[in-house]
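Descriptive structure summary
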Amino acid sequence: MSQILAVKVTGATTLTLLNGNQLYTAIRKQAVPQVALNTLGPIGDEVGDKTHHGGVDKAVFFNGQKTLEKLTALLGLEYDYLQDSRFGENFVVSELDEENVCVGDQFRIGEVLVEVCQPRKPCNTLSKNTENNDTRKVVVEQSLVGWYARVLQTGVIHQGDRLTLLARPYPDLTIKAVHQLLALPAKTLDARR
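Below, the discussion takes up the overall build of the protein. Looking only at helices and strands, the protein features five helices and 13 strands. With the C-alpha coordinates aligned to their principal axes, the bounding extent of the protein is approximately 45 × 45 × 30 Å. Burial analysis of the protein (193 residues in total) assigns 46% to the buried set. Approximately 9700 Å² of the protein is accessible, and the part contributed by carbon and sulfur atoms is 48%. Positive and negative charge centroids in the protein, built from 21 and 22 side chains respectively, lie 5 Å apart.

So, on to the environment of valine 116. Inspection of the secondary structure assignment puts valine 116 in strand β10 (residues 112–119). With 34 residues separating them along the chain, valine 116 and arginine 150 place their C-alpha atoms 6.5 Å apart. Every residue in contact with valine 116, bar those within four places of it in the chain, is listed here: Val101, Cys102, Val103, Gly104, Asp105, Phe107, Trp147, Tyr148, Ala149 and Ile175.

Working definition: the strands of a sheet are paired by backbone hydrogen bonds and lie parallel or antiparallel to each other. Spatially, β4-β1-β8-β7-β11-β10-β9-β13 is the arrangement adopted by the eight strands of the open sheet, whose pairing is mixed. At either end of the open sheet lies a strand with only one pairing partner, and these are β4 (30–32) and β13 (163–167). Going across the sheet, the axis of each strand differs from the next one's by a mean of 40°, ignoring polarity. Contacts from helix α1 (residues 65–75) reach β1 (4–9), β7 (60–64) and β8 (91–93) within the one sheet, and its direction differs from that of β7 by about 70°. With respect to the sheet, helix α4 (residues 175–183) is in contact with β10 and β11 (147–153), its orientation differing from that of β10 by roughly 35°.

Should their charged atoms come close, side chains of opposite charge can pair. Scanning the entire structure with this criterion turns up nine salt bridges. For lysine 29, the salt bridge goes to aspartate 45, with nearest N and O atoms at 2.9 Å. A residue pair is termed long-range when its members are at least 10 positions apart, and lysine 29 in the loop between β3 (22–25) and β4 and aspartate 45 in the loop between β6 (41–42) and β7 qualify at 16 residues. Summarising the burial analysis for this pair, lysine 29 and aspartate 45 share the class buried. Measuring nitrogen to oxygen at the nearest pair gives 3.8 Å for the salt bridge that ties glutamate 99 to lysine 176.

As enumerated under the stated definition, the model contains three aromatic pairs in all. On the numbers, 5.2 Å between centres and 45° between planes, the contact of phenylalanine 61 with tyrosine 148 is tilted. Remark: tyrosine 148 occurs in strand β11 and phenylalanine 61 occurs in strand β7; sequence separation between them is 87 residues. An angle of 5° between the planes, with centres 6.2 Å apart, marks the rings of phenylalanine 62 and tryptophan 147 as stacked. Of the two residues, phenylalanine 62 is situated in strand β7 and tryptophan 147 in strand β11; the sequence distance between them amounts to 85 residues. Among the aromatic side chains, those forming a connected cluster through ring pairs are Phe62, Phe91 and Trp147. For the cation-ring pair, arginine 86 lies above tyrosine 79, with the distance from its terminal atom to the ring centre recorded as 5.0 Å.

A few words now on the environment of glycine 11. For glycine 11, the location among the structural elements is in the loop between β1 and β2 (13–16). Exposure remark for glycine 11: the relative accessible area of 30% places this residue in the partly exposed category. Once the C-alpha coordinates of glycine 11 and aspartate 45 are considered, the two residues, 34 residues apart in sequence, prove to be 5.5 Å apart.

Here we come to the sheet that holds β6. Read from one edge of the open sheet, three strands run β6-β5-β12, paired in antiparallel fashion. Looking at the sheet topology across the chains shown, the edges are occupied by β6 and β12 (155–158). Judged from the four bridges that link them, strand β5 (residues 34–38) and β12 form a sheet pairing that is antiparallel. Its bridge partner being in β12, leucine 37 is matched across the sheet by glycine 155.

About the thresholds
Residues numbered from 1 in each chain as written. Predicted model: local features only at pLDDT ≥ 70, side-chain atom pairs only at ≥ 80, totals over all residues. Heavy atoms only, no water. Helix = DSSP H or I, 4+ residues; strand = E, 2+ residues; numbered from the N terminus. Buried < 20%, exposed > 50% of the residue type's maximum accessible area, 1.4 Å probe, protein only. Areas by Shrake-Rupley, 256 points an atom, 1.4 Å probe, with all protein chains shown as cover. Lys, Arg positive; Asp, Glu negative; His and termini not counted. Charge placed at Lys NZ, Arg CZ, Asp CG, Glu CD. Contact = heavy atoms within 4.5 Å. Pairing = 2+ DSSP bridges. Axes fitted to C-alpha atoms, helices over the stretch in contact; angles between N-to-C directions. Salt bridge = Lys/Arg side-chain N within 4 Å of Asp/Glu carboxyl O. Phe/Tyr/Trp six-rings, centres within 6.5 Å; stacked < 30°, edge-to-face > 60°. Lys NZ or Arg CZ within 6 Å of the ring centre and 35° of its normal.

Geometric descriptors of this kind do not, in isolation, establish any biological role.
What follows is the structure in structure tokens.
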């Protein structure tokens, strides 16, 4: 059974990168033992770019332990993904990943009920934050994107809480499958008709 391995939140801040450039973001979230959620996400958590992030359909961002292990190895990153974030996740979960989570899945986590909405559409902030120009490309090409969920029932999520799958209305719409469709260039989709 899957469980919450890490809970992470942060406020938006300006990061100064090694090259001197600055980035206003909340991508580098820090581990906390628990967090209360409302319908807009973890209380005390922020997003830096409200045009593309946040809102009820992107209230919380999950990443799988296996996904983060693959990403850190592929990109040569050295940090403790259970303590802080380079990919902006609110929750790190065991056993779940882009191949076994589906759009529409509903999970009970303690007193909270969430519904998986969509794969993350990776932006250039990932590459800027890791200071590795290949980060976004690797995330997209390897389908290591994580997933967003909406909060159907508010409450508190603790590190160590179990995730119980309550509903799976679309078993063929895995996060990986949906991501791969969304990542195809429009000309490729047109050619499939």
